[in-house]
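Here are the chains, one letter per residue:
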Amino acid sequence: MTPDPPIVSPGFVGRRRAGSATLPPGQYLTEDFPVLSAGPTPTIRLDDWKFALTTESGDVRTWSWSEFRALPSVSITTDIHCVTRWSKLGTVWEGVSLDTLLEGIPATASFAMAESYGGYTTNLPLADLRDGKAWIAFRYGGEDLAPEHGGPARLLVPHLYLWKSAKWIRGITLMRKDRPGFWESLGYNNYGDPWREQRYWGD
Ligand SMILES: Nc1nc2c(c(=O)[nH]1)N[C@H]1C(S)=C(S)[C@@H](COP(=O)(O)O)O[C@H]1N2
Ligand SMILES: [Mo]
């Protein structure tokens, strides 16, 4: 007699499963997509859009929209966590990996400042932008990224609280020394790991 085959449920991979086990501490699940902006939504024409990568030595590399969109892009399915306690599971984006943008750029800096149209800034270690952990996203849920969610393009760094995912991104500046961005200088945690509940300074 042959033993029964093992029962394998195809959707069960790693820790991606339904239920509160996927939520960082202190977060609740939301199905809608709240809009959180510290100011008005800027209007950026694609003809005027550009993305600038500035190295710690001041060298600048820029991409127009068409140059940016000619880069290889990937589909990203990820959970997102806002410091105001909502989390959204399995969001689907399309974007260009920061690894692609940083390729061939001599960078020995340890930190980065993301800068947005409208003036928003947020800082993070350069390592957190590398190795498939961060993207410049231009599509969400199969549609062009809506202006209120950061369109034409936003930074997406889903392993950190969502304030690090700068909407309407226009550039990233590499820095030898760390410096706080907008929320970080107003008391938000400098790093912002949702799994360690690093919401505010001192967490
Ligand atoms: N340029 C810019 N990016 C920003 C913000 C902002 O005010 N301006 N808010 C941040 C915060 S606090 C959060 S929670 C998310 C919200 O993204 P959403 O509006 O797409 O939900 O964007 C982040 N990126
Ligand atoms: Mo936020």
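Use the structure listed above.
(A) How the structure looks around the sheet that holds strand S11 (residues 169–175). As summarised here, the arrangement of the five strands in space is S3-S2-S11-S6-S7, forming an open sheet in which the pairing is mixed. Two strands in the sheet have a free side with no partner beyond their single neighbour: strand S3 (60–64) and strand S7 (121–125). On average, each strand axis in the sheet is tilted by 15 degrees relative to the strand beside it, whichever way the strands run. Here strand S6 (residues 111–116) runs beside S7; their pairing, made up of five bridges, is antiparallel. Residue pairing across strands places Met113 opposite Asn123, the latter belonging to S7.

(B) Main features of the packing of aromatic side chains. Tallying each qualifying case throughout the model produces 15 aromatic pairs. On the basis of an interplanar angle of 70 degrees and a centroid distance of 6.2 Å, the ring pair of Phe33 and Trp86 is categorised as edge-to-face. Here Phe33 is found in the loop between strand S1 (28–29) and strand S2 (50–54), whereas its partner Trp86 is found in strand S5 (residues 86–97), with 53 residues between them in sequence. Considered together, Phe33 and Trp86 belong to a single accessibility category, that of buried residues. A ring pair is formed by Trp183 and Tyr188, whose centres lie 4.7 Å apart and whose planes are at 15 degrees; its orientation type is stacked. The exposure class assigned to Tyr188 is buried, which follows from its relative accessible area of 14%.

(C) Structural context of the nonpolar core. Within the largest apolar cluster, 37 residues are counted, with the highest numbers of intra-cluster contacts made by Phe51, Phe68, Leu98, Leu129, Ile136, Leu155 and Ile172. Among the elements of the structure, S2, helix H1 (65–69), helix H2 (98–102), S6, strand S8 (135–140) and S11 are those that each provide at least two residues to this core. Discounting chain neighbours no more than four positions away, the residues touching Leu98 are Leu129, Ala134, Trp135, Ile136, Leu155 and Ile172. Listed in part, the eleven residues of the second largest apolar core include Trp93, Ala137, Leu145 and Leu156.

(D) Here's a closer look at unusual backbone geometry. In the segment running from Gly151 into Pro152, the intervening peptide bond is cis, with an omega of 10 degrees. With respect to the helices and strands, Pro152 occurs in the loop between strand S9 (143–144) and strand S10 (154–156). Phi at Asp131 takes a positive value of approximately 60 degrees, unusual for a residue other than glycine. Here Asp131 is to be found in the loop between S7 and S8. Classification of Asp131 by relative accessible area gives exposed; the value is 64%. The residue Trp168 is not glycine, and still its phi comes out positive at about 50 degrees. With respect to the helices and strands, Trp168 occurs in the loop between S10 and S11.

Quick notes on the rules
Residues numbered from 1 in each chain as written. Chains lettered and ligands numbered in written order. Predicted model: local features only at pLDDT ≥ 70, side-chain atom pairs only at ≥ 80, totals over all residues. Heavy atoms only, no water. Pairing = 2+ DSSP bridges. Helix = DSSP H or I, 4+ residues; strand = E, 2+ residues; numbered from the N terminus. Axes fitted to C-alpha atoms, helices over the stretch in contact; angles between N-to-C directions. Phe/Tyr/Trp six-rings, centres within 6.5 Å; stacked < 30°, edge-to-face > 60°. Buried < 20%, exposed > 50% of the residue type's maximum accessible area, 1.4 Å probe, protein only. Core = buried A, V, L, I, M, F, W, Y, C linked by side-chain atoms within 4.5 Å. Contact = heavy atoms within 4.5 Å.

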